[in-house]
Structures are given as structure tokens and as C-alpha cells.
Amino acid sequence: MNSLIRFSLKNVAAILIITFLIILGGLYAITNLRIEMFPDIEDPTLTVEVVYPGASPDDVNRNVTGKLEEQFNSLEGLKTLESSSYESFALLSLNFPHNTDLDKKEQQINKLIEEANLEDSVQTDVKRFSMDMIPIYDISIFAKGDTDLDAYLENEIIPDIKKISGINDVEVSGQKDRLVQITVDQEKALLNGLTLDSIQKQINEKYFSYPAGQVKADEFQIPVRVEQEIETTEELENLQLATQLDQQQANPNPILLKDIASIEEVTDQAEMTRYNLMDSLSMMITKKQDANTVEVADQVTEVLKEHEKKIDYYIGFDTAKGVKDSVHTLIREGLLGALFASLAVLLFLRNIRATIIAIISIPFSLLFSSIFLLQLGISLNMMTLGGMAVAVGRVVDDSIVVIENIFRRVRKSPDKKITNEIITDSTKEIFKAIVSSTLTTIVVFLPLGLVEGDTGGFFLPFALAITFALIASLLISITLVPILAKYSFKKAPKEEKEGTLQRMYGKVIERSLNHKVTAILLSFLLLGGSFSLVPSLGFTFIPNEEQKILNATIELPATTSMERTNEVSLQMEEMFIDKREIGNVTAAVGSKDFFTGLKKENKATYYLTLRDDTDVTEFLEEIRTDMEVIMDAEAEEGEFNVMEFTASGPPTNNAVSIDLYSTDLDKLQTAALEVESYMNGNDDLKDITNNFSEKQKQYLVEIDSEQASEKGIAGMQILGMITDQTRPVQIGELNLNDENKTVQLSYEDTLTAEALEEMEVYSPQGTVKLNEIADIKETDSYTAIQKLDGKVFARVTGHVKGNDVQAVTNEVVNGVKTEIELPDGVSFESGGGSEETAGEFQQMGIAMIAAMGLVYLTMLITFGKARIPVIILSSLIFVPIGSFTALYFAKEPLSISVMIGFLMLIGIVVTNAIVLTDRITRNRDEKGMSVREALIEAGKTRLRPILMTALATIAALTPLAFTTSTGTFISKGLALTVIGGLTSSTLLTLILIPVLYEVFFFRHSKKERTNTHELSV
């Protein structure tokens, strides 16, 4: 260590150049870090999307979902398997432990799908779940002048946006598709023995292009391709159709397509999108996981600005804005913290040059930390910025202690001059204290890497940001600070006489040492009193934070047409627009869901951007009431919901879930509705959702196998005939009139229920009415079947309004048990945030115990005595006094960020105890002082640096603790915990460390006092 200090003093230019290079590297790094809201964490979830055309939810569940569940249950490490079976579609979600090799699991899943032997018509797609599936932008776009918006988007804007390197996908909703509609006259078609299916095949036979081998020409083999095309609409109209009657007639009359059908170009809109009641196209943009959200969003905006002559656009929701606001807030609070820390140091040093030397470690440490964050691929997010903001107060500690000790030694030197020898000796003297204190602060974060789940993933970048900053602060305190002290001062600033505070503190120590039992008892009384505040604090994972964007939905009965859904939606939108609190409304009718990819014609979704002065909680109640009025009047059997929009980030776990299980779907639905009604009556809950699907009417055609066999009719023949008359047939894309167009076949009239019963089926014995060989009845069926780990279930979920998740969860669970009589055969399990939060807290508790063990080991190696680390660690006992008190007065709940604050305090608090204990040990070992003399002298000597470092840390965290800005909900609880805990522990450390030291060295102290008494006699 001497060599490093001497090297620094002898090679000032080299140290300054290295420092300059690190600053340049830090500036480069901090400007190139990706800016995100939260750390990148890959959710260990894989989803399997299944398409099974034409199948009912029951068929999908029986023929696909059930088979896949059987296969997937053999997967090692599978935590949960959740499935949803809809009409023609299924979604299976497989959740694994963190740190699972998802590449390997994906390969295994694909292999298991192959082994399931699904029908050929079933298509599957395995995807990784990611929060990046949620768009960063929802942009409503309008045409200017005579711009063909669909074509302009497709040919100009979307290609430009996709050139941006961080773009994952661009999806446009609300487009009007132009297609060629062939409307067949059913009566004429049947007279000629034609069906939609047969017409489709004949059209496709006239439009093909296939390779046909090779021919030899000279010495070359030239490929041959045979193709036939329908090039114009006129050719399509004049297409000659072969009929079943042709085989029975010698000279059949040719039947042209136009003889039995009309052909016209129409527009079709699969979904409707609007912005503030104006029809628009909605463009959803998603980014790649490793892309910079802010950078991508800015580039998208630049692209749109380049096309402003052709389009107008409005942004419905913008996640990048939330990222920018949160980052700017944390940067502002961090800079304010640095300013407050500087003022705190100046207050004690009372010398501007000395203060500058001490606080230069702040920018240096943060820039140094940025270099490593960039190398590790960690983004600049709420956690890394929060870590830097918290580190601001701590990184000055080492420099303060070093410069204060240099000045103290200089003042005691004969000529009062700063020399290399004095700087080396004074830095060496304090070296063990600052190294051990910095190392103990660093090692407390090591167990955080062992915490499983989202907690470890989200807070690890926070810990790394602090760790790198602390390493930098240690290096700069023993290299650059001594150099700056030497060249900034010829002599040390004038020494102040022993102040009133030091004299008073000396008397307090002496009195405490004479009344050790009283001092210890009073401390434990304060500790007990602080724990009595815990029940009133509340218990949550991450505190709730109001969002200024609401997500609302309406869902009408399953068979509702899009036209009817649109009528109700327009009324909703008009109501939203009339609200003063709502800035803009983005609406989508029939659009697909972000996660499932399902499109429902009976569903409409809204994003409501609120004004900044809106009280979200009160407004939610108001808007729910108004939505209910419209739904009661227009669609009493429909459902609606409105809640704060959450796009990404750590799970808050602030939810209560009741899972109900039963094989009887009717009883399960009844039970789910009862629980939903009960939870709606709880004032502590909001956003109640029930995943159990509604019923929809359907006609069931049960074929009488015996009757059908007698008539020579196959069941698949009946299925084909009904399908032919109820569903349009897609021809595909044809190039007509030099333009690719989608072509669709359908009958003019929709099949009615009466016509279904009277339908005639062809048989070898003649035509037979369908109702003669089948029982046709109207039934109710569920629109979806939900399963968890293979068992059919219903989940009713509510989000807790306040912060005491555990108390509300217990109340709801006990209420369901005692106040609701569930139908026979229905069982329930409780879940949600409370259980997960308890598990995360338990892991954090284990991490804190491990951290204290590492701190003890570090100090044992440093001091070489077993008792000294125990004395130092005893200062941690009284941390909760200030922390709980601060949380109580700030009305901040116990949360995972509070736990991280306690973890930080383990490192910070022992720093003061180390500085004090190190001086006591030196007084005894090097100066031969008695225990009591060593305690009093060390206390007076170290009072200033201890108070200075504590006040600097407190001052640096004050802006974070008292901010009301959004985006600081994680850092705020942490800052309050550290401020309160550091305040109480610092004051008690200054009293109790001397008391406990004398207790631990009681024999030495007693012997010394006896000898002193004998000498005085």
C-alpha cells in the first residue's frame, strides 16, 4: 500500500492522465448506455400458440390442449402449466425457474409437440414471453389530402421504420382490405351440383405455376415451368365450370361463373380503430429486447416527421415518455443529492478547496461505474440510476476521512507543512479503516446475486452500480486525493480548537461508560418501541404508483357482431371525450390481444391518457359508474373493466387471487361469480377480474349413426355441406388486372336455423332432410376452457388499493372461507402477491444474514480479533429505530426496496463503527492508552469525520426520500430507510460502541482502573 501511495505522489502526471482517461471513458460510456425503464430480465416463460381451424373450445381442449399437457408434464423443472382453449385456437403458457436454459427447453417442447401426434391441420408456434411483446408506441395515423393511407403506410412509412436497427415489429390495425367478392346464388349452384368447395378447386386449377422437369438444348439442361393464369376480372367471370350434370349429358351447356355468381370488388374491415372519435389507422411498434427504448422512440418520431406532408399522427400511449420522465427525475434527484452532500461536507470542513477535493470522488466514481455497466451490457434504468443516486452520499466518505486525517497529522507536525512523508503516513494510518469499511459495504451486496426470482434480477444492476462506484471512491481516496491535498495546500487549514460539541460528546461518553446498563437498556427500549410501529406500516412488494394512462375494455356477449360492438363503443368513446380529466382516447374494436393474439368482434379496447392534475383513484370510481350506466342500457349481459395501464417492469405482487377448481363447469362459473361479487364489495380492492369465460349459444347437430348409415350418408359429408353454407371460402390471392387481390367465395344469404333443419342432404336413395337423420338443438357452450396444471379452474383477481397486501389478502381469503358457500365439488386456493411477497422477503432475510456473515469475515481478516467485529456489528441492532420511525412518518410501507435499504445499511453503518473502532485499537496498541482513555480520545477525534460522512449520505438521499415525482417509487422507500437507520445508528454508535467495547474488554478496563486507583493512593 505504501508503494501505491508513493507511486501516486512520485508520478503525479501519470495519475492525472489516468484519471483524465477514466473520465473520458466514463463520459463515452454514460452517453452510450441504453436507456430503459427497468433492467432487462428474461421471463422464464415459453408460450405455445395453437391454431386448429374450425374446432370448438371443447374439441381444441380434447384433441390438442389435453394431449400437449400430457407431453409437457414430463418437462424437468416445469413450475406451472396454464392453458386456455378457445374456438380454433389454444394458448399454453409454461413457466420455469429463473436461470433455466430456455433454448434447451424450447427444443424439448418442439420435440414433445411432434410426439403428441396432432392432426395435420393443427399448427403450433413456440414463443418466448417477453415484456417487449408490448408496444412502446401506439400511434394513430390520418391521411392528408388524397393520400391513400393504407398504401402509403405499406410502401413508405413502415419500410422506413423497419430500417431502424432496434425495431422488432410494426403492426397496423384498422386497415380496410380490398377483396374480390364472389357471391354465389345457392339455388343455381345446387341445380348444377356445385358447392363453394368445388368452385374454389376449379378456380385454383386455372391458376397455377409448377416446375415440370428439364429439356435438353445443345449442351444445356433447361428447366421447364408450366403455368396457367387468370389475368383479369373478365376472365374470372367467364371461367367455365364443370358440373356433376356434365357427366350425365352428351352435349352439356357450358356454365360460366358469372351465370351463378356476381363478382365485385368490396372493402372489408376486420377491426376498427379511432382516435378521439376520428377513424384512423393504429400503428403498434415493438422493439428488440436489447434496443434502447428512448433512442428507438426518437427515431420513430423522426421518421414520422419526414412524412408530415402526407399524414397526421397522434401518439395514444408512449412508454418511452415514462422512461424519459423517470430517468430525468432520478438524474435530477441525484444531482440535487450531490449538491446537498457537497454543502454538508463544506459545513464541516469550512474550506472550499478541501470540499472540492472531497467531492471530486462523486463524478469520478459515477463515471467509473458507467464504464463497467457498459461493458456488462447493463442499461441506464431506474435501478442503476437509483444505485448511483444512493451511492452519491457514500462515495465521499473515504475521501473525507483521508483528507481530514491528512490535515490532522499536518497540524501536529512541527513545521505545519504538507509533505510526502506526512501524506503517506496519514493515508497509511487510515487505510485499513477505509478499505475495511468500503469492502464491507461491497460484500453486503454479494448475496443479492443469490436471491432467486425477479428481486435478484431487478436489484442486481442496482448493487453493481453502487459496487463499482465504491471501488472507484476507494481508489481515488488513496491516489488522487493525497495529490490534490499536496498541491492545493502549502499548509493545512488552521486547526480549530476543541469545540463545544466535542467537549459535550466527551462528557456523554464518560457518563455512558459509568452507566453502561442504563445506556444499553434505553437503547433496547427505543428498539422495542420502533418495532411496535411495524403493524401500522403495511406490507407490500413494491409500493403502488399512480399511472396517468388507463386501460379500459368492454366485452359484449360472445355472438355479438362487430357492427353492434362498434355502436356501443361509440357511446363509450363519446362519454370518455366529454370528461375533462381525459386528454385523448384511443379506441380499437375487434383488435387482437397483445399476449394471446386473439381477435374478438365482441370486444373493444381503449387507452385513456389522463391530464397530470387528475386524481386517478377518484376518477376511476367515476368512470366505472359511467361505463356501467352505458353497459346496463346497451348490453346488460356484457362485461367491462377499467384500470391503470401497466406496460412493463417489476411485478408489484399487489394482487389477491382466488383460484377455484371443479370438473363441473356450471358450478365453477357460479362459484366464480359469487367470489367476484364478494370481492367487488371490498373497498380495499380495485380492478376485479374473472377469467372464467361466458357461455354462448350454439346449434348442435347430433347425427343418428343408424339412420345415416341406412341412407348411405357419411358424417363428414354432412359436415362438409353445413360448412359449405355457413363459412366463406378463401380462394387466396390472384393477380387480376395487374394487381394482387384477395378473392373470397360465399353465398348470398346466410343460413338460418330453420333452413338448417330443412337442409337437404344427397344420398344414393335421393335427397333426405337433415332433421330426419340428425337431432338439431340449441345449446349453451363456454367460449373458453382455462386449465392450470391440467385442472380446469377459474381465477378471480383483485388489486389492492393501499400498500398492506398481506392484511387485505388474509381478509379476502378468510371471507371466502366463512362467508361464501361454494357449490359441492368446487375447491379453492388463495394466492397472488401475498405469498410471493412473503417468499421474496424470506430470501432477502437470508441474504441479509449472509451479508452480515461476510461483513464479519471481512472485519475478522482486517482486524485479526474476533471480539472487534462483534462490537462493530452490534451497531446494526439499532438500525430499525430510525428506519421504522422514518417510514411511519412518511407513510411508506415495508417493501422489497425497504429490505434493500436495510441491506445497504449493513455496509454503511459499520463504516462509522469501523472508523471509530480502528482509532480505539490504534490508541491502545500504538500509544499504550488505557481502554477508557482510548475510547474518549477516539470518540473526540473521529466525531467530525463520522458526523460528516453520515450527514453527507443523509443529505445526498434527502431529494430521493421527499420527491413526489413518478418513477422513484423504488428508490424512495430505500432512501427513507437509509436516512432513518443511519441517523439512529450513528447517534447510538457514538455512544454504544464505546460502552460495548468496554464491556467486551471489561477485565482489561477493570485492571487498568484498579492500577490507576492504587497509583493515586
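Since the model is a prediction, treat every value here as computed from it, not as a measurement.

A.B. asks: Please set out the sheet that holds strand β19 (residues 603-610) residue by residue, giving values where relevant.
C.D. replies: The strands that make up a sheet pair up through hydrogen bonds in the backbone, lying either parallel or antiparallel. One open sheet accounts for 6 strands, arranged β14-β13-β18-β19-β17-β20; its pairing is antiparallel. Only two strands of the sheet have a single neighbouring strand rather than two, namely β14 (278-279) and β20 (639-644). The pairing of strand β13 (residues 272-275) with strand β18 (residues 582-589) spans 4 bridges and is antiparallel. Looking across to β18, one finds that Met-272 is bridged to Val-589. Contacts from helix α21 (residues 616-634) reach β17 (549-555), β18, β19 and β20 within the one sheet, and its direction differs from that of β20 by about 165 degrees.

A.B. asks: Quick one: what's the story with the nonpolar core, residue by residue and with numbers?
C.D. replies: Counting residues in hydrophobic clusters, the biggest one holds 138 residues, and the most contacted among them are Phe-462 and Met-904. The next biggest cluster of nonpolar side chains, apart from the first, holds 27 residues, and it includes Met-562, Ala-604, Leu-608 and Met-627.

A.B. asks: Describe in detail the packing of helix α15 (residues 420-443) against helix α31 (residues 896-927), supporting the description with residues and values.
C.D. replies: For the pair α15 and α31, the least separation of the axes is 9 Å and the interaxial angle reads 155 degrees. As judged from the angle between their axes, α15 and α31 are roughly antiparallel. In the crossing of α15 with α31, the sense of the turn from one axis to the other is right-handed. On α31, the residues that touch Lys-428, Glu-429, Lys-432, Ala-433, Ser-436, Ser-437, Thr-440 and Thr-441 of α15 are Gly-907, Ile-908, Val-910, Thr-911, Ile-914, Val-915, Asp-918, Arg-919 and Arg-922. Its residues assigned to classes, the contact of α15 with α31 comprises 5 nonpolar, 6 polar and 6 charged.

A.B. asks: How would you explain the pairing of strand β30 (residues 791-800) if you had to name every residue and give the values?
C.D. replies: Of all 10 residues making up β30, 7 are buried, and the element is well covered by its neighbours. Bridge analysis of strand β21 (residues 655-661) against β30 gives 7 bridges, and the strand direction is antiparallel. Counted as the bridge partner of Ala-655 is His-799 from β30. By the bridge criterion, 4 bridges tie strand β22 (residues 685-690) to β30 in an arrangement that is antiparallel.

A.B. asks: Quick one: what's the story with the sheet that holds strand β7 (residues 176-184), residue by residue and with numbers?
C.D. replies: Taken in spatial order, the 4 strands make up an open sheet running β12-β7-β25-β24, and their pairing is mixed. Looking at the sheet topology across the chains shown, the edges are occupied by β12 (261-269) and β24 (729-736). Across the sheet, the mean angle separating the axes of adjacent strands is 35 degrees when strand polarity is ignored. For β7 and strand β25 (residues 739-747), the ladder comprises 6 bridges, and the chain directions are parallel. Bridging from a neighbouring strand, Ile-182 pairs with Leu-745 of β25. Taken strand by strand, helix α7 (residues 196-205) contacts β7, β24 and β25, and its axis lies near 25 degrees from that of β24.

So, how was this worked out
Residues numbered from 1 in each chain as written. Predicted model: local features only at pLDDT ≥ 70, side-chain atom pairs only at ≥ 80, totals over all residues. Heavy atoms only, no water. Pairing = 2+ DSSP bridges. Helix = DSSP H or I, 4+ residues; strand = E, 2+ residues; numbered from the N terminus. Contact = heavy atoms within 4.5 Å. Axes fitted to C-alpha atoms, helices over the stretch in contact; angles between N-to-C directions. Core = buried A, V, L, I, M, F, W, Y, C linked by side-chain atoms within 4.5 Å. Buried < 20%, exposed > 50% of the residue type's maximum accessible area, 1.4 Å probe, protein only. Parallel < 35°, antiparallel > 145°, perpendicular 65-115°, else oblique. Left-handed = near helix turned anticlockwise from the far one by under 90°. Nonpolar A, V, L, I, M, F, W, Y, C, P; charged D, E, K, R; others polar.

So, to be careful, I would describe these as geometric facts and stop short of saying anything about function.
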